[in-house]
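Given next are the chains, with one letter for each unit.
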Amino acid sequence: MFRWGIISTGRIANDFAVGVSQLPDATVLAVGSRTQQAADAFGDRHSAERRYDSYEALAADPDLDAIYVATPHPFHAPNCITCLEAGVAVLCEKPFTINAAELEQVVNLAREKGLFLMEGMWSRFMPATRKLRELLASGVIGDINIVDIDFGFRAPFNPQHRLFAPELGGGALLDIGIYSLSFASMVLGKPQRVLSMAHLGESGVDENAAIILGYESGALTTINTAIRTTTPHQAVINGTLGRITMHPQYWFPQRITLEVYGRETSVMEIPMNGNGFNHEAAEVARCVRNGQLESEIMPLDESLELMRTMDELRGQWGLRYPMED
Ligand SMILES: NC(=O)c1ccc[n+]([C@@H]2O[C@H](COP(=O)([O-])OP(=O)(O)OC[C@H]3O[C@@H](n4cnc5c(N)ncnc54)[C@H](OP(=O)(O)O)[C@@H]3O)[C@@H](O)[C@H]2O)c1
């Protein structure tokens, strides 16, 4: 069994524990929380045998194969450092950190210690996304010229919530814009130019943003991201020979529409087979068991590039977080 430790007991930590339970060869052995009460309740819910009242105590457990970090964004870097210093492999929720300087520190530490580290961009490991990569590699839609991606939802305004609070790294970009940037990076690689505009709301974080990425090939990606407006959550990849659309949400895809001009449209149903987190957890176990220090599907240098792009975007908007001053 691959033995997971989980840092924190929030919404996504619960979903991840369910994903692990869907794997035949993995278990949640331990959980760490800021409070014993929350650790015990989580342990009861997910049959995690060991429950710690601090993240440090969890990281010191000698029997863990990897730790999943699921705290709000600003705690990702310090929590990853705690785990790596304790000698444990880490899977960290997106966005990996608040900025590239923090991520460089975390990545350097993992490399120094020879420990596995990965950003939890779960969409990349889902069956339909794997199929998409195969289709793109086959060249079926020709050269890719235009990619359109959107991800927006309407959250009620609450300045205390992590989505809106600057001290918790609030804003659309770090929470969900990262999915679109990561998707674009998977399809077209590193952009040469980045243009954007954002609306900063009442709490000073980006509530809506529009981004254009330009590539050496001449290809362009457009991205819309929002936390006060619901959008269709689509990704459409337009090539010289055809087009691919990911449904129902490109970041949780279960259907691919492939249109090759002059041929009949094909719609591929690709079931999730689990809650989605099972696939990313399986990838971590595969890599750690193989002695790999990173995953080829979500490599660290790509996560670093994505973080640098997000720094550049926030620079264009004049958005700095309190912990960056
Ligand atoms: N992959 C995805 O689909 C997905 C979806 C949602 C969120 N996420 C990511 O997961 C992370 C957590 O999001 P979430 O929605 O699960 O958040 P959440 O429900 O608020 O849970 C966060 C947990 O972090 C711990 N924590 C430590 N310091 C905290 C602080 N100062 N304020 C609040 N909580 C603190 C708490 O656990 P203890 O009290 O037990 O210590 C809390 O339950 C975010 O970085 C987010 O981007 C990913």
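Rules and cut-offs
Residues numbered from 1 in each chain as written. Predicted model: local features only at pLDDT ≥ 70, side-chain atom pairs only at ≥ 80, totals over all residues. Heavy atoms only, no water. Pairing = 2+ DSSP bridges. Helix = DSSP H or I, 4+ residues; strand = E, 2+ residues; numbered from the N terminus. Axes fitted to C-alpha atoms, helices over the stretch in contact; angles between N-to-C directions. Contact = heavy atoms within 4.5 Å. Phe/Tyr/Trp six-rings, centres within 6.5 Å; stacked < 30°, edge-to-face > 60°. Buried < 20%, exposed > 50% of the residue type's maximum accessible area, 1.4 Å probe, protein only. Near = heavy atom within 4 Å. Polar contact = N/O pair within 3.5 Å; in protein donor to acceptor, adjacent residues only side chain to side chain. Areas by Shrake-Rupley, 256 points an atom, 1.4 Å probe, with all protein chains shown as cover. Nonpolar A, V, L, I, M, F, W, Y, C, P; charged D, E, K, R; others polar. Right-handed = clockwise from strand over helix to strand, strands pointing away. Core = buried A, V, L, I, M, F, W, Y, C linked by side-chain atoms within 4.5 Å.

**Student:** Whenever I open this one, the sheet that holds strand E14 (residues 266-269) confuses me. Can you help?
**Tutor:** Whenever strands of a sheet pair, they do so through backbone hydrogen bonds, lying parallel or antiparallel. Pairing is mixed in the open sheet, where 8 strands are placed in the order E8-E9-E10-E7-E11-E12-E13-E14. Single-partner strands in this sheet number two, and they are strand E8 (193-200) and E14. Adjacent strand axes in the sheet meet at a mean angle of 10 degrees when their direction is disregarded. Sheet topology places strand E9 (residues 206-214) next to strand E10 (residues 220-226); 7 bridges connect them, and they run antiparallel. Each bridged residue has a counterpart across the sheet, and for Gly214 the counterpart in E10 is Leu220. In the packing of helix H6 (residues 127-138) onto the sheet, contacts are made with strand E7 (144-152), strand E11 (235-239), strand E12 (242-247), strand E13 (255-260) and E14, and the angle to E12 comes to roughly 175 degrees.

**Student:** What should I look at first to understand the packing of aromatic side chains in this one?
**Tutor:** The description of two aromatic rings rests on the distance between their centres and on the angle between their planes. Evaluation of the coordinates by the stated rule reveals 14 aromatic pairs. Centroid distance Phe151 to Tyr179: 5.4 Å. Interplanar angle 50 degrees. Geometry classified as tilted. A residue pair is termed long-range when its members are at least 10 positions apart, and Phe151 in strand E7 and Tyr179 in helix H7 (residues 172-188) qualify at 28 residues. For the pair Phe151 and Tyr179, a shared accessibility class is recorded, and that class is buried. Clustering of aromatic rings is evident, with ring pairs tying together Phe2, Trp4, Phe16, Tyr68, Trp122, Phe151, Tyr179, Phe183, Tyr250, Trp251, Phe252 and Phe277.

**Student:** Which parts of the structure should I look at to understand the site of the ligand?
**Tutor:** Taken together, 22 residues lie around the ligand, and Thr9, Ser33, Tyr55, His73 and Lys94 are the ones closest in. With respect to the ligand, the side chain of Thr9 contributes an N or O atom lying 2.5 Å from an oxygen atom. The side chain of Arg162 places a nitrogen or oxygen atom 3.1 Å from an oxygen atom of the ligand. If the ligand stood free it would expose 900 Å²; the protein chains cover 82% of that surface. When residues of the shell around the ligand are traced back to their parent elements, those giving at least two are helix H1 (11-21) and H7. Taken together, the residues of the shell around the ligand break down into 9 nonpolar, 7 polar and 6 charged.

**Student:** Which parts of the structure should I look at to understand the pairing of strand E5 (residues 89-93)?
**Tutor:** Regular strands show a simple pattern: their side chains alternate between the two faces of the sheet. The element E5 is largely enclosed, with a buried count of 5 among its 5 residues. Burial of E5 is two-sided: the residues Ala89, Leu91 and Glu93 facing one way and the residues Val90 and Cys92 facing the other way are all buried. Here E5 pairs with strand E6 (residues 117-120) via 4 bridges, running parallel. Of the residues in E6, the one forming a bridge with Cys92 is Glu119. Between the parallel pair E5 and E6, the chain is carried across by helix H5 (residues 100-113), and the sense of this crossover is right-handed.

**Student:** Please explain the nonpolar core as it appears in this structure.
**Tutor:** Soluble globular proteins tend to pack their nonpolar side chains together in the buried interior. Counting residues in each nonpolar core, the largest one holds 113 residues, and the members touching the most others are Trp4, Phe183, Ile237 and Ile244. The element that contributes the greatest number of residues to this core is H7, accounting for 11 residues. Residues contacting Ile244, with those up to four places away along its chain left out, are Leu132, Leu135, Leu136, Ile141, Ala235, Val236, Ile237, Ile256, Thr257 and Leu258.

Just distances and angles here, no functional claims.
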